[in-house]
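Each chain, letter by letter, is given below.
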Amino acid sequence: MVNPVHLKTLLEVIRTGSFAAAALRLGYTASAVSQQMSALEKDTGARLFERSARTAAPTDAAVVMARHAVKVLTDMDALLAAAARPGPGSGHELRLGIFPSLATFALPELLASPRWVDLGIELLLSVAEPAQTIQGLRTGGNLDVALVYQVGQGGLAWPSSISRRWLGDDNFRVVLPESWGIRSGAEVTAEQLAGMPWIMHHPGTPDALVIERLFASCSLHPQVAAYCDDFNASLAMASAGLGAALVPELAMLSRPAGTVVLDVPEIRLARSIFALLIHEQNVQVGLFLDRLAEVLGRRSIVPLPT
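Keep in mind that what you see is a predicted model, and the values were worked out from it rather than measured.

Caption draft 1: Region of interest: the nonpolar core. Val174, Trp198, Phe215, Leu246, Leu262 and Ile267 are the most contacted members of the largest nonpolar core, which has 35 residues in total. If you list the elements that add at least two residues to this core, you get β6 (163-177), α8 (190-193), β7 (197-200), α9 (206-217), α10 (231-239), β9 (244-248) and β10 (259-262). If we skip the residues at most four places from it in the chain, Leu262 touches Arg173, Val174, Leu176, Ile182, Arg183, Gly185, Ala186, Val188 and Leu193. One finds Leu94, Phe105, Leu110 and Ile121 within the second-largest nonpolar core, a separate group that totals 28 residues.

Caption draft 2: Spatial organisation of α10. Buried within α10 are the following residues: Phe231, Ser234, Leu235 and Ala238. Buried residues of α10 fall within an arc of 100 degrees about the axis and therefore sit on the same side. At its buried positions, α10 is contacted by β6, β7, β9, β10 and β11 (270-277). You can read the cap of α10 off the contacts: a side-chain oxygen lies 3.0 Å from the backbone nitrogen of Asn232, and it is on Asp230. Of the residues trailing α10, Gly241 is marked for its positive phi of about 95 degrees.

Caption draft 3: Structural view of empty space enclosed by the protein. Applying the stated criterion to the full structure yields 2 cavities of 30 Å³ or more. The calculated volume of the largest cavity comes to roughly 100 Å³. Taken together, Ile199, Met200, His201, Ala208, Ile211, Glu212, Phe215, Cys228, Phe231, Ser234, Ala245 and Leu246 make up the lining of the largest cavity. Sort the elements by how many residues they give to the lining of the largest cavity and α9 lands first, with 4 residues. The volume enclosed by the second largest cavity comes to roughly 30 Å³. Around the second largest cavity sit Phe172, Arg173, Val174, Leu262, Asp263, Val264, Ile267 and Arg268, which together line it. With 3 residues, the top contributor of residues to the lining of the second largest cavity is β6. Of the residues belonging to the lining of the second largest cavity, the class tally is 5 nonpolar, no polar and 3 charged.

Caption draft 4: Spotlight on the packing of aromatic side chains. Under the definition given, this model contains 5 aromatic pairs. Pairing Trp116 with Phe288 gives two aromatic rings, centres 6.0 Å apart and planes at 70 degrees, and the pair type is edge-to-face. With Trp116 in helix α6 (residues 115-119) and Phe288 in helix α11 (residues 283-298), this residue pair connects regions lying 172 residues apart in the sequence. Neither residue differs from the other here; Trp116 and Phe288 are each classed as buried. Here the guanidinium or amino end of Arg164 rests over the ring plane of Phe274, the centre of that ring lying 4.1 Å away. Positioned above the aromatic ring of Tyr149, the side-chain terminus of Arg271 is 4.3 Å from the ring centre.

Caption draft 5: View of the layout of surface pockets. What the second largest pocket holds in volume is close to 630 Å³. Around the second largest pocket, the lining is made up of 28 residues, and of these Glu129, Tyr149, Asp229, Phe231 and Arg271 lie nearest the centre. At the level of elements, α5 (100-112), α7 (130-135), β5 (145-151), α9 and α10 are the ones that each hand at least two residues to the lining of the second largest pocket.

Caption draft 6: Geometry of α5. Under the 1.5 Å per step criterion, the end-to-end length of α5 is 18 Å for 13 residues, consistent within 8% with the ideal 18 Å. Among the residues of α5, Ser101, Leu102, Ala103, Phe105, Ala106, Leu107 and Leu110 are the ones counted as buried.

Caption draft 7: A look at the environment of Ala157. Summarising the element assignment, Ala157 is placed in the loop between β5 and β6. With a relative accessible area of 56%, Ala157 lands in the exposed category. The sequence separation of Ala157 and Gln135 amounts to 22 residues, and the corresponding C-alpha distance is 10.0 Å.

Caption draft 8: Representation of the environment of Leu269 within the structure. Of note, Leu269 is situated in the loop between β10 and β11. In this view, Leu269 contacts Val151, Asp170, Asn171, Phe172, Val210, Ile211, Leu214 and Leu246; residues no more than four positions away in its chain are not counted.

Caption draft 9: Spatial organisation of the environment of Ser126. On the secondary structure map, Ser126 appears in strand β4 (residues 121-127). Look past the residues within four positions of Ser126 in its chain and what remains in contact with it is Leu96, Gly97, Ile98, Thr133 and Leu143.

Caption draft 10: Representation of a nonpolar patch on the surface. A surface patch of nonpolar side chains, amounting to about 220 Å² of accessible area, comprises Val5, Leu26 and Tyr28. Structurally, the position occupied by Tyr28 is in the loop between α2 (19-26) and α3 (30-44).

Caption draft 11: Examining the packing of helix α1 (residues 4-16) against α2 more closely. Axis separation between α1 and α2 bottoms out at 8 Å; the angle between their running directions is 120 degrees. Classified by the interaxial angle, the pair formed by α1 and α2 is oblique. For the element pair α1 and α2, the recorded crossing hand is right-handed. Here Thr9, Glu12, Val13, Arg15 and Thr16 of α1 come into contact with α2, specifically with Phe19, Ala21, Ala22, Arg25 and Leu26. Here the contact of α1 with α2 is built from residues that sort into 5 nonpolar, 2 polar and 3 charged.

Conventions we followed
Residues numbered from 1 in each chain as written. Predicted model: local features only at pLDDT ≥ 70, side-chain atom pairs only at ≥ 80, totals over all residues. Heavy atoms only, no water. Core = buried A, V, L, I, M, F, W, Y, C linked by side-chain atoms within 4.5 Å. Buried < 20%, exposed > 50% of the residue type's maximum accessible area, 1.4 Å probe, protein only. Helix = DSSP H or I, 4+ residues; strand = E, 2+ residues; numbered from the N terminus. Contact = heavy atoms within 4.5 Å. Arc of directions from axis to C-beta. Polar contact = N/O pair within 3.5 Å; in protein donor to acceptor, adjacent residues only side chain to side chain. 1 Å grid on protein atoms, 1.4 Å probe; cavity = no way out; pocket = protein on both sides within 12 Å on 5 of 7 lines; lining within 4 Å. Points joined across faces, edges and corners; volume = space filled by probe spheres on them. Nonpolar A, V, L, I, M, F, W, Y, C, P; charged D, E, K, R; others polar. Phe/Tyr/Trp six-rings, centres within 6.5 Å; stacked < 30°, edge-to-face > 60°. Lys NZ or Arg CZ within 6 Å of the ring centre and 35° of its normal. Expected span 1.5 Å × (residues − 1). Patch = residues over 30% accessible without salt bridge, like charges linked within 9 Å, V, L, I, M, F, W, Y side chains within 5 Å. Areas by Shrake-Rupley, 256 points an atom, 1.4 Å probe, with all protein chains shown as cover. Salt bridge = Lys/Arg side-chain N within 4 Å of Asp/Glu carboxyl O. Axes fitted to C-alpha atoms, helices over the stretch in contact; angles between N-to-C directions. Parallel < 35°, antiparallel > 145°, perpendicular 65-115°, else oblique. Left-handed = near helix turned anticlockwise from the far one by under 90°.

Written out as structure tokens, the structure reads:
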């Protein structure tokens, strides 16, 4: 019988393109991923990957299997949720802390999905920035799960008793005033942006330090037009022609007119989105986080130019 865990790993290997990258996302070692894929090949009698030192190229059989695996895993999730759900009116309450841009982007789609009812979850929401929601997770706090982001390795701290699950990455994009005459989607170099005014994070914050190091690594020393930690305000200022800004995709759901989005190959930055959990994870919470990861993984507000 095929192990569903191996099917999930198969999907991640195909998505990331290597055993090592899949292992990093799933919390396994690369050796464990390789062993799972070998076991799946043995169970199915099909060769699934053409292996090399750095990559794992899926065969046609792997692609076909992955297409069917998505449906199989979805059906299994629904089965588990139905089995775990209590009777009518006694759904599991999930006290959830979530940061504003993720709430704006993901919650409407999640709550409007017909599959939402199958989870049997009653949400009690607290919308706030990560530092505030983490406080709600500590002993005696009022949250079960906090959805947070982290840029680089610093800026957030939580007790060792709290477990962490990676859900996806939120890519930063370079936003310019349309009045500057550069077309949206154009590929420019960091050097071309060096003399332009920028809207930057307030100095000394963890995010600002990461961005400053990134800019310095590509010899970009911006002329600062404004300091701002609110992405909506940064977008409004960019729309008004004040300066360029580095803004994550989740914050650009309502990007104002008068702005363009550029591809700058040297400026590649993402904030990682995590779920922090203080209590032992039950079936409903696990399925909710699976759904959220799906929403983050399959949608992009501003796709990179091809």
